[in-house]
Every structure is written in structure tokens, then in C-alpha cells.
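Report on the structure
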There are 2 protein chains.
Amino acid sequence: MATEHPSTQLGDLQDQTVAGYRSALGVTHTTTVTLPGIRTQSGFQFEAVDVNFQTLGKLSPARDNAILVCHGLSGNAHLAGTDPQTGRPGWWDFHVGPGKAIDTDKFFVIASNTLGGCTGTTGPGSINPRTGKRFGMDFPRITVRDMVQVQAALLNYLGIEKLFAVIGASMGGMQALAWAVDFPERTRICVPIATCTAHNAMQIAFNEIGRQAIITDALWNGGDYSEPHFPAHGLAVARMVGHVTYLSELAMARKFGRRRQQDASDPHQFSIESYLHHQGDSFVKRFDPNSYLYLTRAIDEFDLFEKAAPEEVLREVQARFLIISFSSDWLYPPPQSRDLVRQLKRAGVAVTYLNLDSEYGHDSFLIDNPPFADVVHHFLNGEYTAAPKRPASSRFVPEI
Amino acid sequence: MATEHPSTQLGDLQDQTVAGYRSALGVTHTTTVTLPGIRTQSGFQFEAVDVNFQTLGKLSPARDNAILVCHGLSGNAHLAGTDPQTGRPGWWDFHVGPGKAIDTDKFFVIASNTLGGCTGTTGPGSINPRTGKRFGMDFPRITVRDMVQVQAALLNYLGIEKLFAVIGASMGGMQALAWAVDFPERTRICVPIATCTAHNAMQIAFNEIGRQAIITDALWNGGDYSEPHFPAHGLAVARMVGHVTYLSELAMARKFGRRRQQDASDPHQFSIESYLHHQGDSFVKRFDPNSYLYLTRAIDEFDLFEKAAPEEVLREVQARFLIISFSSDWLYPPPQSRDLVRQLKRAGVAVTYLNLDSEYGHDSFLIDNPPFADVVHHFLNGEYTAAPKRPASSRFVPEI
């Protein structure tokens, strides 16, 4: 079962083919359930919320091995295994499966599409029960913490009181942070990857460019669009902007350099241009422009310490943390993770921090990345083995 | 005459008001002349070429004090002094004027709008004499070296055989490099700033996103647009992408952070978003989308050493070089300048290199930046004073 060298794979497994790669999990499915609604931070009351989710592995009799994986901007509930419809592996198939970083032989892994998403969970493309029409831009402002409320409702539905771990990268990492703070008694381990506690101006700027590309596409039409009139161009440009920020200069130089695309209609086309076009086109087929607007807005608005000082916000946290950043990630640069580590330590929270050397930028968590996988694997397995002997509230730095 | 602290000014003087700032040059004008056409590298023969240009200062009787300033992507011939139409200072007014970095009391300064531009020099918005209609996308592919050919025609028209110096940043720096190589006997000093000899994949990627934003704007219409149907949204998004790459994360964090725009209709709007919108809107009023496509393409295609090894390409160079990069410029990172310095030294070319500490990213050359101004001022003045005693072909490293 050959996989190409990681240097030949950049970005999300959903958007590209890795020669010879097959998921060890075979075909996996997602399910949609209707759960009791939540009240958003902005004050909107959902009467009910649909949640599309996937589970992998088996819940232990003690119900102590559940890991919630939170996805980033472009992810969804199809975490790992082969999607029966697209034939493609889930977005984190490299790292979730038997013996992998998140070992489905050991853990019960849950992934759900986030509130505001577009693959089965209530979002701007869902029907507004009050009007019988799609929400569109009438969808309420949502926050990362609202997403976590919905995930908590899903855990209630699944009968899981306490998560062994919550793990996520990028926007998923923000959700992991919100879990540790908003549900301290339900979160044993928290693994925020390549993320931050609040976007800085540059991070907001890149998201805003994507939003502008979408809302200035004439076919966006105030968010009221339907096939075939669909702001595909705006969404594609937004994805291209995002994609460049997910990669490192070095990774792009190595993979593309100034090479030309031999099979392009335009002989002047650089390979990097063709690659971006492909990423844009591929994303348009699987993502909703309004969801892009709502999710990026939620990311930009997230500010873990907005209401109170870090020590205050972190006072009730019981989780032990593993924080990972990547040396070449310039979108979520390592200093942001280091700041968080300092804040956690000052608050007396147990935290292990690794800034992993990687050439692949922000997307280092998405690719086949053995050092990253090893760290996550050993941390989770070590903590799980040690867990029964340690009270969840113990606060010291593990030696991993 | 108070100017705000540089930290409050980011980007191009043409697009923002610096409180209390007035040009020391008073009102200045540009002129358009029709010159003999050139044959482009792509093989297109222009029958004639219009060139919009400005001169400042006086040509010395020996005609040995001419400095050609080449502009970047968004510049034009209005280099310094107050534009009588807009009331705004020229794009490099901070650095061109009496006693400034480029001292108009000493030098005869020439600036022209580049071939392919949109402010008076022949470009895609010009009338194609063969059809009587605008060129639009029938405009031929142009290169940085074609731009330099047109500048050489302008110098012929002005009766200037040899430039004391050619200076430019970004795309202007590429033009400066092309001058030293293509007109070695006409170039005494070459000052490439914040530039490179060839774009890497990431630099191409950001330009391509801007191009995609424009060509997917429905109003672009294959390049055949006219007011009021104009791809303003695409061009604005392109400019926003560019603008973020011109700034540093630190400069944005300091100036905007997570502050909200108090006067915005949307109380959630971050100041950085409002700033980007302003930059986009301002640019749309003064730039042509097709020009944006042609100029960014020329930049991406530029590759000084494409045809031969550096030592071969640089063999005939007579110019002495001052190369400047900025520590926080992540669009044209200092290692690109260092590579060029090495190539020049290996080829026996006299080169002084400075990587200036600056927090302001790529746009460090555009802002009120005294350390940068000092370096340019002293280098030019020192070389000009020393020049008569040194043959132009002497090749040793100056002690500046």
C-alpha cells in the first residue's frame, strides 16, 4: 500500500488524489440526527439542530475512551475511511485509523460537521422552519462556542458524559480550546493544533479577502442563490487565498518552483497557477459560499480571553493540554501557540508543547506527517493508560 | 509641516491622507509624448508608443545627473509633487524632492508610466491603431524588458545618453536590473530595492489570485469593458490581496490589532477590514483591471537568468549596485536579495547590500522611512561626487 512521499501531497486529502492511497478503514458513513436546539451567543434560539456525524472505533464499557475531533474551515464529519459517494478518504485519514495517531482500535472517535457548515449540520443552507426557505444570510451569527454547544448536545445524544480527549487544528483547535473552558468537567485532554486564542489583524485580513471575493460575486445575490446560479468564482478565489496561506513558501518552491504546466491550454501557465485553479474548482464542488462566510466570521470573532484575563478564563479548566505548532506555519505562527502555553502554565494547567519542524506550513497537520502522528499517538495512548491512576484534576506537566 | 509618525502610514501615498503632509515640490505635472514604437520580446511591433512621464530637477550641462525612477505595480509617472487633479502627492514624494533621498536640487529625475500601464503610457486601455478600438486583451504580452526598451526610447527623446542611476522597488527593481543588463553602457548606478531576479511559486500564486479575482468578475467580460460596466469588485479584491502581502504581520497588529471600526454600518467590522475596503475602493478609482493583468504577468514572467548563467548574463554589466531589502518583507524576502548579491559579486560587479531593519514589510520603501532615505541619499550623492574620478567600468566594492 504505497503512499507518495509527503512532499508530493499538499493540502486536504478530499481535494487531491494520492497515488495508491487507500483508507485502512474501508468505507465509512456519516449519520444525521436532529437534536434539541441551542441558544446562540448572539441570542438566536434554534428550535432544533441537525448534526451530521461519524463515529469510528468502539466505545469502551466504561465510556472513557471517546475522542472528539473538531474540523477546520474546510473539513466535515467525514473524518476517515472511504466516502461511499466520492470514493475519497476522509480529510484526516492519514491520522485516524487502526494504529494511527488517533487509534480507532483503542478509541471511540467522533467527528461532526460543525454548526454553520454545509454537509448535513444546520447551516445557512438549511431550511429555516419559520419561513420554509433556506436561511441564507438570515442565519444567525454563530460563534466557535456555539459550535461546541452543538457538539455537547451530540455527546448527550451519544450518552457520553466525559470526553477522553478533544482534538482539532486551526478552527478545530479553537473548538478544542472552547471545550476545555466551557465544559471543564467533560474534557480530560485537550489538543489544540496550529491555532490561536484570537486572530490577529493579518489572519482577519486574509479571511476578509475571501469573504469579499464571495460577496462581490454577482451570483452571490445577497446570499440568496441556488444552482446553477451560484457564486462559484468568488468561492474559488476565496479558497485560493486560503490555500496559499496554508502552504509555506518553501513547500511551494519545492513542489512547483517556476515550472510550467505542460498540459494546459495556455503554454505560459505556471504549475502553481494550475494547482490553485484545481484547488478552487475542487472546493467549489463541496462547499457552500454562505457557510464560508459564517465560519470565517466565527473564526475571526473567536477571542478566548475577550471577557476576562487568561487566569480567570482558565480557572476551572481540568484538561491536560498537548499543544502543537509547526515551524513553517506563517498563518498560525508558533509564537501564538507559545503565548497560549505561557497563559496555561500561569493558570496552573498541565501543558506539553511541541513546535514541530515541518516544511509544509499550516497544512502540516493534514498531510502524511509521521513525526506529528507519533507525538499525537504517544501522548493520547500514554495519557489513556495513565488516566485511571490520575485524578482528572491533577495538574503537573507530563514528561512526554 | 508636521507628518504623522510613519507607523500610522501604511502603503501608497496616493491612496491615503497623511495629516498635514504637503509636498515640498508644489504642483508638478506629467507630459505624454509619442515615441517610435518598439518590437516586444513576444514579437509584436508597436508602430508608436505613448509615454507619460515627469521630470524633476535640472539636467546638468554635462548631462551626467539623470536618475530614472521605475515604479512598481501600482505606481505611475506622478512620482513627486502635488498632482494638480487629485491634490495628492506623488507615490514617492517622501523620498524625491529637495534634499531628499533622491535630491532634486542635485539630480535630474525622470519617472515614466510603464508600458502596459494605465496613466498615459500605451497599455491595454489604449486605442489599437489597427482596429480603432481599445486593445483590451489583444494587447500583446509584454515583459519587464519591453518596459525598459520604452524607457530607453524616452531617454533618447530627452537626449540622455547615460543614466547616472536607475532606481526602483518591487517591479521597479526588476526594471532596474534589466537596465543594467540590457543597457550596460547607459547605466552607471543600479539600485534594485525589495525585489528579486525571478518570482518564486508563492509570489506567482498571490499574483494569480489577483488575476483570477479580476477575470472571474462577470463585468470583466474578456477584457472588453467600459464604464459604468467595469470589474471593480475583482480589481478591489486583487488589490486587497496585494495589500496584505505588502504589509507585515507586526505592522498590521500594531496599527489595527482586533480593534473595531466605530463608524462602520456594521458594528462587528474590524478596522483591518475597513482599511482593506478603503484600499480596494481607492485603487479601483485609479487603476485599470487589464493593466493589472498585464503587469502582474510581466512580473511573474521576469527571470533575469532564464537564458544563461548569472555570470554570463552579468558579463557586460558596468553599473555599480546598491541593493536594499527589508527585514520584515515576506513578499520579497531578504534571501532573494542576498542571492542576487552573491551572483553579482561572483560576476565581479561592485555591489553594496543593506538589509534594513523595518517593521513595515514590503511597503517599507513607500513610507516615510529615514534610515532607508539616508542610505539612498548618501549612496547616490557619494557616487555622484566620486563619479568623475572613477571610470564607469571600474569594479570594486565601495566603502559605503
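Predicted, not measured: the structure shown is a model, and the values here were computed from it.

What about the sheet that holds strand 2 (residues 48-56) of chain B?
Residues and elements named next belong to chain B. Strand order across the open sheet formed by 8 strands is 1-2-6-3-9-10-11-12, with mixed pairing between neighbours. Where the open sheet ends on each side, the last strands, each with one partner, are strand 1 (31-36) and strand 12 (351-356). Sheet twist, expressed as the average angle between the axes of neighbouring strands with direction ignored, equals 25 degrees. Bridge count for strand 3 (residues 66-70) against strand 9 (residues 163-169) is 4 bridges, and the pairing is parallel. If you follow Ile 67 over to strand 9, its bridge partner there is Ala 165.

Quick word on the environment of B:Glu227
Residue and element names in this part refer to chain B. Following the sequence through the fold, Glu 227 ends up in the loop between helix 3 (201-215) and helix 4 (232-246). Overall, the relative accessible area of 62% leaves Glu 227 in the exposed class. With 29 residues separating them in the primary sequence, Glu 227 and Phe 256 have C-alpha atoms 34 Å apart.

Things to note about unusual backbone geometry
A negative phi angle characterises most non-glycine residues, just as the trans form characterises most peptide bonds. Residue A:Glu227 is joined to A:Pro228 through a cis peptide bond whose omega torsion reads 0 degrees. Along the chain, A:Pro228 turns up in the loop between helix 3 (201-215) and helix 4 (232-246). In this structure, B:Arg63 is a non-glycine residue whose phi angle is positive, near 55 degrees. With respect to the secondary-structure elements, B:Arg63 resides in the loop between strand 2 and strand 3. Residue classification places B:Arg63 among the partly exposed positions, given a relative accessible area of 40%.

A closer look at the side chain of B:Ser23
Structurally, the position occupied by B:Ser23 is in the segment before strand 1. Setting aside residues up to four positions removed in sequence, B:Ser23 forms contacts with B:Gly81, B:Thr82 and B:Asp93.

What to know about the packing of helix 6 (residues 271-284) of chain A against helix 3 of chain B
Any two packed helices are characterised by the angle at which their axes cross and by the distance between the axes. It is the contact of helix 6 of chain A with helix 3 of chain B, at a shortest axis distance of 9 Å, that shows an interaxial angle of 50 degrees. Classified by the angle between their axes, helix 6 of chain A and helix 3 of chain B sit oblique to one another. Note on packing geometry: the crossing formed by helix 6 of chain A with helix 3 of chain B is right-handed. Two secondary-structure elements touch here, helix 6 of chain A through A:Ile272, A:Glu273, A:Leu276 and A:His277 and helix 3 of chain B through B:Ala201, B:Ile204, B:Ala205, B:Glu208, B:Ile209, B:Arg211 and B:Gln212.

Description of the packing of helix 3 of chain B against helix 7 (residues 289-301) of chain B
Residues and elements named next belong to chain B. Contact geometry for helix 3 and helix 7: axes closest at 10 Å, N-to-C directions at 160 degrees. With respect to each other, helix 3 and helix 7 are oriented roughly antiparallel. Along this stretch, helix 3 crosses helix 7, giving a crossing that reads as left-handed. On the side of helix 3, the interface is formed by Gln 203, Ile 204, Asn 207, Glu 208, Arg 211, Ile 214 and Ile 215, while helix 7 contributes Pro 289, Tyr 292, Leu 293, Thr 296, Arg 297, Ile 299 and Asp 300.

So, the relation of the copies chain A and chain B
Structural alignment of chain A on chain B gives an RMSD of 0.0 Å, achieved by rotating through 180 degrees and translating 0.0 Å along the axis. Such a combination of rotation and displacement between the chain copies is what one expects of a two-fold axis. Comparing interface residues between copies, 100% of those in chain A also lie at the interface in chain B; the contact surface is shared.

Quick notes on the interface of chain A and chain B
Contacts between the two partners involve 44 residues from chain A and, on the opposite side, 44 residues from chain B. Where chain A meets chain B, there are 10 salt bridges. Ionic pairing is found between A:Glu273 and B:Arg211, a salt bridge with its closest N-O pair at 2.9 Å. Run the count over chain A and chain B and you get 22 residue pairs in polar contact (both at pLDDT 80 or more). Broken down by element, the residue count for the side of chain A that touches chain B peaks at 10 residues, all from helix 3 of chain A. Looking at the side of chain A that touches chain B residue by residue, the class counts come to 22 nonpolar, 9 polar and 13 charged.

Examining the environment of B:Gly123
All names here are of chain B. Relative to the helices and strands, Gly 123 resides in the loop between strand 6 (108-112) and strand 7 (127-128). Residue Gly 123 is classed as buried on the basis of its relative accessible area, which comes to 1%. Sequence separation between Gly 123 and Asn 113 is 10 residues; the distance between their C-alpha atoms is 9.9 Å. Residues within four places of Gly 123 in sequence aside, it is in contact with Gly 116, Gly 117, Phe 135 and Phe 139.

Thoughts on the pattern of salt bridges
Throughout the structure, instances matching the rule amount to 38 salt bridges over all chains. Residues A:Asp339 and A:Arg342 are paired through a salt bridge, measuring 2.8 Å at the closest nitrogen-oxygen approach. In this pair, A:Asp339 and A:Arg342 both sit in helix 9 (residues 334-346), 3 residues apart, roughly one turn of the helix. Relative accessible area serves as the criterion here: at 42%, A:Arg342 is assigned to the partly exposed category. For B:Glu208, the salt bridge is made with B:Arg297, and the minimal N-O distance between the two is 3.9 Å. Remark: B:Arg297 occurs in helix 7 and B:Glu208 occurs in helix 3; sequence separation between them is 89 residues. The exposure class assigned to B:Glu208 is buried, which follows from its relative accessible area of 3%. A relative accessible area of 14% places B:Arg297 in the buried class. Linked by salt bridges that have partners in common, A:Glu208, A:Arg211, A:Arg297, A:Asp300 and B:Glu273 make up one network.

About the thresholds
Residues numbered from 1 in each chain as written. Chains lettered and ligands numbered in written order. Predicted model: local features only at pLDDT ≥ 70, side-chain atom pairs only at ≥ 80, totals over all residues. Heavy atoms only, no water. Pairing = 2+ DSSP bridges. Helix = DSSP H or I, 4+ residues; strand = E, 2+ residues; numbered from the N terminus. Axes fitted to C-alpha atoms, helices over the stretch in contact; angles between N-to-C directions. Buried < 20%, exposed > 50% of the residue type's maximum accessible area, 1.4 Å probe, protein only. Contact = heavy atoms within 4.5 Å. Parallel < 35°, antiparallel > 145°, perpendicular 65-115°, else oblique. Left-handed = near helix turned anticlockwise from the far one by under 90°. Least-squares fit on C-alpha atoms with pLDDT ≥ 70 in both. Salt bridge = Lys/Arg side-chain N within 4 Å of Asp/Glu carboxyl O. Polar contact = N/O pair within 3.5 Å; in protein donor to acceptor, adjacent residues only side chain to side chain. Nonpolar A, V, L, I, M, F, W, Y, C, P; charged D, E, K, R; others polar.

So far we have only geometry, and geometry alone does not tell us how the molecule works.
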